[in-house]
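These are the residues of each chain, in order.
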Amino acid sequence: MTRKHLSASLALVLFIVAGVFVATHIRGAIDTDILSLLPGDAQDPVLADALHRASAAASDRVAFAIEGGTPEARRTAAGDLTKRLVATGLFQPSSADAESLWKWIFAHRATLLCAKDRARLEAGQGAAIAQESLLQWYAPMGIGGSRLLDADPLLLTNRLLGCLVPSNVRLMPDPSAEIVSGSIGVSAYRLDVQDRIGAVLQDWRARTAREGLTLSRAGAVFHAAYGAEQARKEMSVIGSIATAAVLLLYWLMFRSLRAPLIAVTMVLYSLTIGLALTLLIFGSVHAMGLVFGAALIGMVVDYTTYYLVTGLGDEKRTREERATHIMKPLTLGMLTSVGAFAALLFFPVPAFRQIAIFGGAGLAAAWFATFSLTPLFEGGAMRKGPGATWIEQTAGRFLSRSPRPRTAWFVLAVGVVLGAASIMGDTIDNVRSFQAPSPQLAREEARIKALTGFATSGSFFLVRGASSEDAISNEERLLATLEREGAVENVLWAASRLDPSMASKGGDVHLIDGRLLPLLPKFVEQLGAGNAKAYAMPVKAVPLPSFAASLRGQTRGIHWSIVPVIGNPGIGKRTLASEGSWQFVDPAQRYSDLLGKYRRLATYGLVGAVLSTGLMLLVVYRQLSALKIILPTVIALIATPAVTMLLGLPFSFFSAMGLFLVVGAGVDYAIFQWEHPREGGTWTRVGIVLAALMTCISVGLLGLSSVLPVKSFGLTVAIGILLSLVLSPLVRGWRYGASSGEDHER
Amino acid sequence: MGNAADLARKAGALSALIVGVLVATEVAACPAPDQLHVTSLDRAFTQEKFMSGMSKPLKSEGRLLASADEVVWHMTKPFDVKTTITGKGISQSVDGKPAERAGPESTEVGASIAKAMAALMRGQWSELKTMFTVKPSAPVGAEDWQVLLTPLDQRLQSVLGTIVVRGCEDVSLVEITRPDGDRETIVFSESR
């Protein structure tokens, strides 16, 4: 077996292995969480963990309201819906939470007090509390029964429930609706989870359509499903148009059906290997990564294109000669592109790290397949098509010209002006503007909120402590501060209310034992019944309700808890943050601040990428003039943000990410110009025009996306690549008429 | 014999007619439950709660006043507690002291129960259907009618159990049987 066949066999085996791996691992591995597109907080791991926990706690709640029809029909439909959701194995009804809450409070009824009763007992008003309990036994249709008479005659469980359940939570929803609520035990951002919940709802709607019932939904899973559906549509449209454009361009270039087939094969080949490596390393891939993957179609076929165009000239060359002709610039171009993708690895954004691996591995695979498989598949069947002739006569000629010094200085001046405009222009870091929510879902959520008070909490207080006890004590101090400032009503849940510190618990037990329970014998006598030793009975250990336990955590030895709040507590700065004890966290604002920070860091990173590319060129070419190769890319980098701003898109972190790709791909064109500046480079220039055109079409189509990060990334790459191509003649030197790169012709 | 037999037949027919009229009169005195039209009421009540482990029932007395937008449950014995339920919430006054707003939990559940009670007293069965399964039985002869209410909400059902409402021209008895066997009766009287 020759070396050529060995590498081809290796390429094929690699493809088969990658294909099998993707097929067996892709199910359930697609992440649609918009937060995955956001940077983590590497400087504060406690905050990063708390943000993750708060997001998960807020995102796993779901609620449904069934309205219309008859009460019996609503009730039957609600039971049917609950049964079907439970059958998926994903859904846990909130009745389970309510039951665990009741069990916890019942078990701690004689050791726990709410703030109001604590104050009353401290003020010596135990008799008044006992009297209130006595009156409750006489209330019409009251809750008191023989079981409570024996276990809780003072009705302390009911009393605690009344003050511990947040006031905005309606225990008895509007009777005109049936409410089904609960939590999803797994990530709401998994596509398979969204699909299974969606299928249950679709089936349920079909069954109940005749009964005049309407269904409202609330929960992050539905927003995620909406976002995923948008991404699917966009991916499908962008992928289809990009593929069609590639096929058409190839046919116009080579007048051969084999050329587009080779191109499609190369696309499948590189995307499969890129995706397999991403899944192997991360275990999942973000939906936006797949959208970027669709954009990669235009980039991975570049290498095949460069090889195929070497067969268009009149000069007949062997496969080996053709491969050698492009080996050095293509390898250098691949390395700079992979380097640019690799730069994304340094940013603490999970989705961007996936894109770095996906893109980098995809391009490396495309490079490998271009030299190992394309020569075998091509079979010398390429012919000069009308597109190739047209590009040669127009764009190719434009690229073959060396700019006059006056033109070059003018271009530089325009570049500097646009660069200044880029620096002074608008920026955008606000995560709230990333994706417009579904208006239909917003209406349904508003309806459920009106019926039940159901609201997902975004903001929270993060409380820290050196020990678990310390963190709980700090949380209690926070609640006391909020109480003083009249903002305690904003608190949704606080774990310390159910499971207080030892000090607080000791105080409560002392108050209950000393000022309330001594009144029990008289109370029983007055009532004429009841167990006078009800609170002396041993208590069975009960776990803290899971929703409360999930509010606590530990990161690197630091104990912390989150206290979700509704809306803005509207309190002073000193309350919002107490040094070392607690801080108010608005995740959206936090992520926006981080995005701003990373936008600035990414901009500095671009300077680093340009410097490292320059260094690589110096190492390879060993002459200072080789630095001219990066000049077109530098001008493109500083001018692109100004152009996108003119199109109404301010500079963002995602624009900066796009510019990394401009560094990688844009330098390729300049390298080819540098390597083949003379007549022999004619078809190389046709190749880079075709390559740039395909990248602009496929990535530029991302500009149609409804998701700001994708839109911003796509337009930036497309404009940057176009400018890099148009400015690539600057590499050829600034002379009158003749080309200047003869010395570099290989 | 023939005349005697004829007379006896006529007498029998007359007796049947008289009995029929009497029965018809009795039936007309108790309309069907869905024919009740009570907009407001003021009733005395006696409530008794029977619970296992209690030697004698918990007994209370007082007055119930219900209008379109307010229900006042005023217990006078053994304690003086006036509970006022409106659309805005529940307030309670003990021993004639200023009313205080009840807590959120009791407001929610209590308001729902109070609304049900008000609708029940007015015979507004269609309104009750949003909370209960309503199974009325038509009056038979001179007997009172009876309506069986079962809460639709599982939690309410676990607290209240089933409710039987009896009456004639209006509601005279409410009997609640809880899942654990406890029982509660409220007898209304002295309509004015």
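Everything quoted here is computed from the prediction, not taken from an experiment.

1. A short note on the overall build of chain A
Consideration 1: In terms of regular secondary structure, chain A is built from 30 helices and 11 strands.
Consideration 2: Counting across all 746 residues of chain A, residues that qualify as buried make up 50%.
Consideration 3: Excluding contacts between residues fewer than 6 apart, the proportion of contacts in chain A whose partners are at least 24 apart in sequence is 85%.

2. So, the overall build of chain B
Consideration 1: Scanning chain B from terminus to terminus reveals 4 helices and 11 strands.
Consideration 2: Of the contacts made within chain B by residues no fewer than 6 positions apart, 35% connect residues no fewer than 24 positions apart.

3. Quick look at the confidence of the model for chain A
All names here are of chain A.
Consideration 1: Per-chain confidence: chain A averages 83 in pLDDT, with 90% of residues scoring 70 or above.
Consideration 2: Per-element mean pLDDT across chain A ranges from 65 in helix α25 (residues 573-576) up to 94 in helix α22 (residues 502-516).
Consideration 3: With pLDDT under 50 throughout, residues 735-746 is counted as low confidence; its partners more than four residues away or in other chains account for 27 contacts.

4. Some words on the sheet that holds strand β7 (residues 459-465) of chain A
Residues and elements named next belong to chain A.
Consideration 1: Pairing within the open sheet is antiparallel, and its 5 strands lie in the order β8-β9-β7-β11-β10. Strands at the two margins of the open sheet, each flanked by one partner only, are β8 (552-555) and β10 (577-578).
Consideration 2: Looking at chain direction, β10 and strand β11 (residues 582-585) are connected through 2 bridges and run antiparallel. Directly across from A577, in β11, lies its bridge partner Q583.
Consideration 3: Running at roughly 135 degrees to β7, helix α20 (residues 468-484) makes contact with β7, β9 (558-565) and β11 of the sheet.

5. A few points about helix α8 (residues 156-164) of chain A
Consideration 1: Counting buried positions along α8(A) gives 7 out of 9 residues, so the element sits mostly inside the fold.
Consideration 2: Every buried residue belonging to α8(A) is among L156(A), T157(A), N158(A), R159(A), L160(A), L161(A) and G162(A), and all of these are buried.

6. A few points about the nonpolar core
Residues and elements named next belong to chain A.
Consideration 1: The biggest cluster of nonpolar side chains holds 163 residues, and the ones touching the most others in it are V221, F660 and A692.
Consideration 2: Residue contributions to this core peak at 16 residues, all from helix α28 (residues 653-675).
Consideration 3: If we skip the residues at most four places from it in the chain, V221 touches V62, I184, A188, V193, Q194 and I197.

7. Some details on the pairing of strand β2 (residues 61-68) of chain A
Residues and elements named next belong to chain A.
Consideration 1: The buried fraction of β2 is high, at 6 of 8 residues.
Consideration 2: Examined bridge by bridge, β2 and strand β4 (residues 178-184) share 6 bridges and lie antiparallel to one another. Following the sheet pairing, R61 is matched in β4 by S183.
Consideration 3: As paired strands, β2 and strand β5 (residues 213-219) are joined by 7 bridges and run antiparallel to one another. Bridged to E67 within β5 is T214.

8. What to know about the packing of helix α13 (residues 319-343) of chain A against helix α26 (residues 587-621) of chain A
All names here are of chain A.
Consideration 1: The contact between α13 and α26 brings their axes to 11 Å, and the two run at 155 degrees. One way to sum up the angle between α13 and α26 is to call them roughly antiparallel. For α13 against α26, the interelement crossing comes out right-handed. Between α13, through L332, T336, G339, A340 and A343, and α26, the contact on the second element is made entirely by G605, A609, S612, T613, M616 and V620.
Consideration 2: Here the contact of α13 with α26 is composed, by residue class, of 6 nonpolar, 5 polar and no charged.

9. Some points on the environment of Q47(B)
Consideration 1: Structurally, Q47(B) can be placed in strand β1 (residues 41-50).
Consideration 2: Given 24 C-beta atoms within 10 Å, Q47(B) falls into the buried group.
Consideration 3: For the pair Q47(B) and S60(B), spaced 13 residues apart in sequence, the C-alpha to C-alpha distance is 5.2 Å.
Consideration 4: Setting aside chain neighbours within four positions, we find Q47(B) in contact with P140(A), S60(B), E184(B) and I186(B).

10. Concerning unusual backbone geometry
Consideration 1: For the bond running from K77(B) to P78(B), omega is 0 degrees, close enough to zero to count as cis.
Consideration 2: Note on placement: P78(B) falls in the loop between β3 (70-77) and β4 (81-86).
Consideration 3: The backbone of R556(A) sits at a positive phi, close to 45 degrees, despite the residue not being glycine.
Consideration 4: Using a count of 7 C-beta atoms within 10 Å as the deciding quantity, one classes R556(A) as exposed.
Consideration 5: For R622(A), which is not a glycine, the phi torsion comes out positive at approximately 55 degrees.
Consideration 6: When you line up the elements, R622(A) lands in the loop between α26 and α27 (631-646).
Consideration 7: The class of R622(A) is exposed, set by 8 C-beta atoms lying within 10 Å.

11. A closer look at α27(A)
Residues and elements named next belong to chain A.
Consideration 1: For α27, with 16 residues, the first-to-last C-alpha span of 23 Å sits near the 22 Å given by 1.5 Å per residue.
Consideration 2: By the largest-angle criterion, A639 marks the main kink of α27, which is about 35 degrees, and a proline, P641, follows within four residues.
Consideration 3: A large share of α27 lies buried, amounting to 12 of its 16 residues.
Consideration 4: Within α27 the residues assigned to the buried category are P632, T633, V634, I635, A636, L637, I638, A639, T640, P641, A642 and T644.
Consideration 5: Buried residues belonging to α27 abut α18 (405-424), α26, α28 and α30 (708-727).
Consideration 6: Residue G648 follows α27 closely and has a positive phi angle near 90 degrees.

12. Some thoughts on the environment of G198(A)
Consideration 1: Its place among the elements puts G198(A) in helix α9 (residues 191-208).
Consideration 2: The spatial distance from the C-alpha of G198(A) to the C-alpha of F222(A) is 8.5 Å, given a sequence separation of 24 residues.

How each quantity is defined
Residues numbered from 1 in each chain as written. Chains lettered and ligands numbered in written order. Predicted model: local features only at pLDDT ≥ 70, side-chain atom pairs only at ≥ 80, totals over all residues. Helix = DSSP H or I, 4+ residues; strand = E, 2+ residues; numbered from the N terminus. Buried ≥ 20, exposed ≤ 12 C-beta atoms within 10 Å, placed from the backbone. Contact = placed C-beta atoms within 7 Å. pLDDT = per-residue confidence, 0-100. Pairing = 2+ DSSP bridges. Axes fitted to C-alpha atoms, helices over the stretch in contact; angles between N-to-C directions. Core = buried A, V, L, I, M, F, W, Y, C linked by C-beta atoms within 7 Å. Parallel < 35°, antiparallel > 145°, perpendicular 65-115°, else oblique. Left-handed = near helix turned anticlockwise from the far one by under 90°. Nonpolar A, V, L, I, M, F, W, Y, C, P; charged D, E, K, R; others polar. Expected span 1.5 Å × (residues − 1). Bend = angle between axes of the 7 residues up to and from the residue.

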